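Report on the structure
As a plain string of letters, each chain reads:
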Amino acid sequence: MVRKRRTDLPGSSEGSESQEASGEQRPPMQGGRGWGQQRGGYRGRGAGGRGPTPQYQAAPHDYQQGRGMGGRGPQPQYQAAPPEHQQGRGAGGGYQQGAMMGRGIPITGPPSRPPAPDLNQATQSIYTARVAPQRPVVPSTGSSSSSQSQGPVEEISSQLGEVTLQPQIQPASSKSVRFPRRPGQGSNGTRCMVKANHFFAELPNKDFHQYDVTITPDVTSRGVNRAVIHQLVKLYRESHLGKRLPAYDGRKSLYTAGPLPFVSKEFKITLVDEEDGHGSTRRERDFKVVIKFAARADLHHLDMFLRGRQPDAPQEALQVLDIVLRELPTSRYCPVGRSFYAPGLGRRQPLGDGLESWRGFYQSIRPTQMGLSLNIDMSSTAFIEPLLVIDFVTQLLNRDATARPLSDSDRVKIKKALRGVKVEVTHRGNMRRKYRISGLTSQATQELTFPVDDRGTMKSVVEYFRETYGFVIQHTQWPCLQVGNAQRPNYLPMEVCKIVEGQRYSKRLNEKQITALLKVTCQRPNERENDILQTVKHNNYANDPYAVEFGLKISDRLAQVEARVLPPPWLKYHDSGREKDCLPQVGQWNMVNKRMVNGGRVNSWTCINFIRNIQDANARNFCRELAAMCAASGMEFNPEPIVPLYTGRADQLERVLKARYHEAISKLPPERKELDLLIVLLPDNNGSLYGDLKRICETELGIVSQCCLQKHVYRMSKQYLANVALKINVKVGGRNTVLRDALSGRIPLVCDRPTIIFGADVTHPHPGEDSSPSIAAVVASQDWPEITKYAGLVSAQAHRQELIQDLYKTWQDPAKGTMHGGMIKELLISFRKATGQKPQRIIFYRDGVSEGQFYQVLLYELDAIRKACASLEPNYQPTVTFVVVQKRHHTRLFASNHNDRNSVDRSGNILPGTVVDSKICHPTEFDFYLCSHAGIQGTSRPAHYHVLWDENKFTADALQTLTNNLCYTYARCTRSVSIVPPAYYAHLAAFRARFYMEPETSDSGSMSSAAAGRGGGVSGARSSRVPSANSAVRPLPQLRENVKRVMFYC
């Protein structure tokens, strides 16, 4: 071990295959020439002149006072539009000064007493809302802008990292909003019974007490805190704690079932350090622990909530129960979030590059309609193999690292993989002291020297280890590991260090590792069910001393839940095909004897080939077959390219693309200077080629492209060509199929009046990428009543910011004053241009929001929707339904009988269309689980839909049926998909936009979109860096106008 003095510090593809493969009656809205001459809109484009004065009013007074989110307080001092808007330059006027911002959300003013809430709609309790001052922003005319941070930063931790929420309107507490109550349960579909991985937990009849814990000196490690309290309980349980067995959260709170025999007491605790290295005596550390009564945890309110007699879940009581049930597994296993892992819970599996998978289980106590429920699921995650560091590096670099010196890129890779990893030394016999790696030395071990005395006498690290420990360092050309902090850096040769077992790998996995991990986690439903039951049996809750102490009783049987299987919708295809209508069977169908309902036109196209070892004749033949398939499927497709196929070099991508584009454009007539489609043939492993190509095509040249991988070009299967034809058709503005009920006007709350359906998602950078921005994407339907075509916009925003910043924005123009814009406004204008109608109803599907973020996301984003609408026309406020879509949950549904062929699909999963809105759902709020897709492999994960706002007064049947039917309109395949398509499309668009970032901030690498986006339960790390609320974000390159109009992201 060498400690160096402070004064002597050293200087220190994206796989293209996965990417390419009855409501409240309102006065009628006016058509005509509204939304004209938009000075505040995107690019100032409107849909005509000033338009007539609207003949509908703002929300009636009783709505503002009773059924909205507002109170009776003083009128807000806010105007949605500046004065010049009211005088003809906007949409004909702005809000009156007393108007409510949005539908009853007060913008400013002191708290007021709201009337009794209408519990069927979200209502708001007393709170003071405030608007952060609008800061001028650089006007953006398209798909991106830098985010403007508003309000203080609030960190919300989740399993995927720390997501910053910066709401404009902040409630005084999380209890300030009431989500809609369940409008009764659905009845559509065929009834059946399913099993859920929820286990009934009997509510204890005990008196819970909470105590504040102060440990001095303060330590950040939960492990040390737990060791201190464990020792305290061991020593003083009988004598001082009234024989109570407390549960401890590892931080500041301790809970007991009944009072302790004191209000406040101080204890002295001594811990013996296991990580010693100085001689034979083990280091002792003394701690002072003060335990002080804080509060009683009231289970009565929890009982009332579960019975539906109290609207708010008492989180404190639920937290106590969760901590009690975590206490024993935390001492036995390695806790990660809400999961627990151990080598003994299942076979370890190598993942490659020095990583291995550990099996474990997820555990969470939840309030449900059946009462308290313990949700148990199987889980796997990546751990670092407990190897010698030398062996780990050899695996990481995939070669004998001793054969040649390390390159700079090798050093970066090693440093990235090892930073923060705990190692133990092996050169001191039984003295296995542990250290955490902070970096690598810039010099090789053989070059490292350090002063051994005050006179500055220097000694080499090699010499020191030989003389002090009799250890001869073999790999002297390698750098040393740097441990400790920068003020007192310690250096350890790699070969004397071994990685400590049980460390989760929290950084980004590569494609090979993800594939291996998915293979491990992929279990057939009956196998997963058996493993869950074995886990519950192994956990033996009946004999868990903490569960017994607190009176918690957990059932050992899966919950039996009543479900319904919704029928699939009839799909409409073109009348020229042999089959004009189609009824999907078990979530799938095909294009045989069918033609696209609206075939797109591809008149001018060409192909560029970047595959080295393929002959031009084969590439041309593939293009011919693809063109023929597109034509046979119903497209108007020119069989001949505008310019012949060209074979180019991947390292000259940009030059080749632009040259071929300009050559093609030169061959087109003056009135149509636009290339309809570019077909690109790519090698299977193409690194950043795919991402660079999409960035150039969509943000610079303004062309849609279709990439095809080498393996598919060789095989040229009909199924593959048919799937690619589906994607090409929507990229050039066509429609593959539509719901038959949409055309006949039989979809409730969609067909009766113009309705726009939005999908929104935010994707965050991968773990370890502390500076990359988050990407927000919003898509919106552009056809009505068919609701199948979606235009999409993307925007970069602050790192791990979950609220979508660019839904609505304002900025100051020196000549025009306050300008209004944002993604919602642009998409509403686009809908008006495409349909000739103004949307009178908005359905907003929001993906990627965890329960802890519901309030902030709803308050911020609903307000943005309101402001965007108001900026188009005074008093223009279409009714909104806001639904969160969740896939990252742990509820699984199993067939009641796995051997009943009528109740399972071919993969053994429950049938597509299975919906559950009872027993395991929220006690009072409007939510449901829907498994809309047929399983392929593994256990299907149902999507969870939770309604946060509903002015359209959907019934359970209407929303469940609409959502299920929409899942059959996904453009990229002839299968129903697992989440509603607008949310899916938003995810695809956000993922695509990552490729638009500059190379140094892009995450383009070797992870496929399926793996990076939704796959496999691979969760990211909590970011250690909290960016400044005002940190600038480089905007994304603008999407070209003709690209925005089509489904380029498919």
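Because the structure is a prediction, the values reported are computed rather than measured.

Quick word on the overall build of the chain
Along the backbone of the chain there are 24 helices and 46 strands. Scored against the burial criterion, the 1050 residues of the chain give a buried share of 58%. Accessible surface computed for the chain: about 42,200 Å², of which carbon and sulfur atoms make up 47%.

Structural notes on the pattern of salt bridges
If you walk through the whole model with that rule in mind, you get 48 salt bridges. Close ionic contact of glutamate 579 with lysine 594 constitutes a salt bridge, the shortest N to O distance being 3.2 Å. Note that glutamate 579 is positioned in the loop between strand 27 (571-572) and strand 28 (581-582) and lysine 594 in the loop between strand 28 and strand 29 (601-602), a separation of 15 residues in sequence. For lysine 594, a relative accessible area of 7% puts it in the buried group. Across the salt bridge formed by arginine 695 and glutamate 700, the nearest N and O atoms sit 3.5 Å from each other. For arginine 695, a relative accessible area of 18% corresponds to the buried category. Through salt bridges with shared partners, a single ionic network connects Glu654, Lys658, Asp692, Arg695 and Glu700.

Some points on the confidence of the model for the chain
Confidence in the prediction of the chain, expressed as mean pLDDT, is 82, and 79% of residues score 70 or more. Contacts of residues 36-174 to residues separated by more than four positions or lying in other chains number 385 contacts, the stretch itself having pLDDT below 50. Every residue in residues 999-1030 is under pLDDT 50, and counting partners more than four places away or in other chains gives 88 contacts.

Considering the nonpolar core
In this structure, Tyr845, Tyr945, Tyr985 and Tyr1049 are the most contacted members of the largest nonpolar core, which totals 95 residues. Those residues in contact with tyrosine 985, other than ones at most four positions away along the chain, are Val779, Tyr790, Thr969, Tyr970, Ala971, Met1047, Tyr1049 and Cys1050. Within the second largest apolar cluster, 55 residues are counted, among which are Leu232, Phe287, Tyr541 and Leu558.

A look at the sheet that holds strand 27
Spatially, the three strands line up as an open sheet ordered 28-27-35, and their pairing is antiparallel. What marks the edges here is a single partner per strand, and that holds for strand 28 and strand 35 (738-739). Bridge analysis of strand 27 against strand 35 gives two bridges, and the strand direction is antiparallel. By the bridge assignment, leucine 571 is partnered in strand 35 with leucine 739.

Examining the sheet that holds strand 41 (residues 841-847)
Within the open sheet, the 11 strands sit side by side as 38-37-36-41-42-46-45-44-26-6-43. Their pairing is mixed. The open sheet has two edge strands, strand 38 (790-797) and strand 43 (893-895), and neither has a second partner. Between one strand axis and the next, the sheet turns through 30° on average, direction left out of account. As judged from the seven bridges shared by strand 6 (residues 190-196) and strand 26 (residues 559-565), these two strands associate in the antiparallel manner. Each residue of the ladder has a partner; that of alanine 196, found in strand 26, is alanine 559.

So, the packing of aromatic side chains
Across all of its chains, the model carries 27 aromatic pairs by this definition. One aromatic cluster is present, built from ring pairs that chain together Tyr790, Tyr970, Tyr984, Tyr985, Phe1048 and Tyr1049.

Quick word on helix 7 (residues 389-397)
Turn by turn, an α-helix covers 3.6 residues, leaving residues three or four places apart pointing in a common direction. Every buried residue of helix 7 is accounted for by Val389, Ile390, Phe392, Val393, Leu396 and Leu397. Burial along helix 7 is one-sided: seen end-on, the buried residues are contained in an arc of 160°. Where helix 7 is buried, its residues contact strand 17 (371-384), helix 8 (408-418), strand 18 (422-425), strand 22 (479-483) and strand 24 (497-499). Looking at the residues trailing helix 7, positive phi occurs at asparagine 398, about 60°.

A short note on helix 11 (residues 525-539)
Taking 1.5 Å of rise per residue, 15 residues should cover 21 Å, and helix 11 covers 21 Å from first to last C-alpha, within 8% of that figure. For helix 11, the complete set of buried residues consists of Pro525, Arg528, Glu529, Ile532, Thr535, Val536 and Asn539. The buried residues of helix 11 occupy one face: seen down the axis, they fall within an arc of 120°. In this structure, the buried side of helix 11 is in contact with strand 6, strand 7 (198-202), strand 16 (355-368), strand 17, helix 10 (511-521) and strand 43.

Let's talk about the pairing of strand 46 (residues 943-950)
A large share of strand 46 lies buried, amounting to eight of its eight residues. Sheet topology places strand 42 (residues 879-886) next to strand 46; six bridges connect them, and they run antiparallel. Residue phenylalanine 882 lies in a different strand from strand 46, and its bridge partner there is tryptophan 949. Relative to strand 46, strand 45 (residues 927-931) runs antiparallel, the two being bridged by four bridges. Pairing of phenylalanine 928 across the sheet is with tyrosine 945, part of strand 46.

Digging into the environment of leucine 203
Topologically, leucine 203 is positioned in the loop between strand 7 and strand 8 (208-216). Note on leucine 203: relative accessible area 23%, which makes it partly exposed. In the structure, leucine 203 is positioned 168 residues away from glycine 371 in sequence and 8.0 Å away in space, judged by C-alpha atoms. Not counting residues within four places of it along the chain, the set of residues in contact with leucine 203 comprises Leu299, Leu302, Asp303, Leu321 and Leu372.

A look at the side chain of threonine 699
Relative to the helices and strands, threonine 699 resides in helix 15 (residues 689-701). Here threonine 699 falls in the buried class, since its relative accessible area comes to 11%. Looking at threonine 699, its side chain comes within polar contact range of the main-chain oxygen of arginine 695, at 2.5 Å. In contact with threonine 699, not counting residues within four places along its chain, are Lys694, Tyr996, Pro1037, Gln1038 and Arg1040.

Some points on unusual backbone geometry
A cis amide bond links threonine 216 to the next residue, proline 217, at an omega of 0°. Residue position: proline 217 is located in the loop between strand 8 and helix 4 (222-236). Going from tryptophan 784 to proline 785, the amide bond is cis rather than trans, its omega being 15°. Here proline 785 lies in the loop between strand 37 (774-781) and strand 38. Notably, lysine 953 is not glycine yet its phi reads approximately 55°, a positive angle. Position of lysine 953 relative to the elements: it lies in the loop between strand 46 and helix 21 (956-966).

Here we look at the packing of helix 13 (residues 616-632) against helix 17 (residues 718-731)
Direction vectors running N to C along helix 13 and helix 17 enclose 65°, while the axes themselves pass 9 Å from each other. Crossing angle aside, the handedness with which helix 13 passes helix 17 is right-handed. Across the interface between the two elements, Phe622, Glu625, Leu626, Met629 and Cys630 from helix 13 touch Lys718, Tyr720, Leu721, Ala722, Val724, Ala725 and Ile728 from helix 17. Its residues assigned to classes, the contact of helix 13 with helix 17 comprises 10 nonpolar, no polar and two charged.

Section: the packing of helix 7 against helix 8
To characterise two packed helices, one gives the angle between the axes of the helices and the distance between these axes. Where helix 7 meets helix 8, the closest approach of the two axes is 11 Å, and the angle between their N-to-C directions is 120°. Between helix 7 and helix 8, the crossing angle belongs to the class labelled oblique. The hand of the helix 7/helix 8 crossing is right-handed. Counted together, Val389, Phe392, Val393, Leu396 and Leu397 of helix 7 and Asp410, Lys413, Ile414, Ala417 and Leu418 of helix 8 form the full contact between these two elements.

Structural notes on the pairing of strand 12 (residues 284-297)
In terms of strand pairing, strand 8 meets strand 12 through nine bridges, oriented antiparallel. Residue threonine 216 lies in a different strand from strand 12, and its bridge partner there is lysine 288. As paired strands, strand 11 (residues 264-272) and strand 12 are joined by nine bridges and run antiparallel to one another. Looking at strand 12, one finds that valine 272 is bridged to glutamate 284.

Some details on the state of the cysteines
Overall, the coordinates contain zero disulfides when judged by the stated rule. Cysteine cysteine 697 remains unbridged, with the sulfur of cysteine 707 as its closest cysteine sulfur at 7.5 Å.

Conventions we followed
- Residues numbered from 1 in each chain as written.
- Predicted model: local features only at pLDDT ≥ 70, side-chain atom pairs only at ≥ 80, totals over all residues.
- Heavy atoms only, no water.
- Helix = DSSP H or I, 4+ residues; strand = E, 2+ residues; numbered from the N terminus.
- Buried < 20%, exposed > 50% of the residue type's maximum accessible area, 1.4 Å probe, protein only.
- Areas by Shrake-Rupley, 256 points an atom, 1.4 Å probe, with all protein chains shown as cover.
- Salt bridge = Lys/Arg side-chain N within 4 Å of Asp/Glu carboxyl O.
- pLDDT = per-residue confidence, 0-100.
- Contact = heavy atoms within 4.5 Å.
- Core = buried A, V, L, I, M, F, W, Y, C linked by side-chain atoms within 4.5 Å.
- Pairing = 2+ DSSP bridges.
- Axes fitted to C-alpha atoms, helices over the stretch in contact; angles between N-to-C directions.
- Phe/Tyr/Trp six-rings, centres within 6.5 Å; stacked < 30°, edge-to-face > 60°.
- Arc of directions from axis to C-beta.
- Expected span 1.5 Å × (residues − 1).
- Polar contact = N/O pair within 3.5 Å; in protein donor to acceptor, adjacent residues only side chain to side chain.
- Left-handed = near helix turned anticlockwise from the far one by under 90°.
- Nonpolar A, V, L, I, M, F, W, Y, C, P; charged D, E, K, R; others polar.
- Parallel < 35°, antiparallel > 145°, perpendicular 65-115°, else oblique.
- Disulfide = S-S within 2.5 Å.

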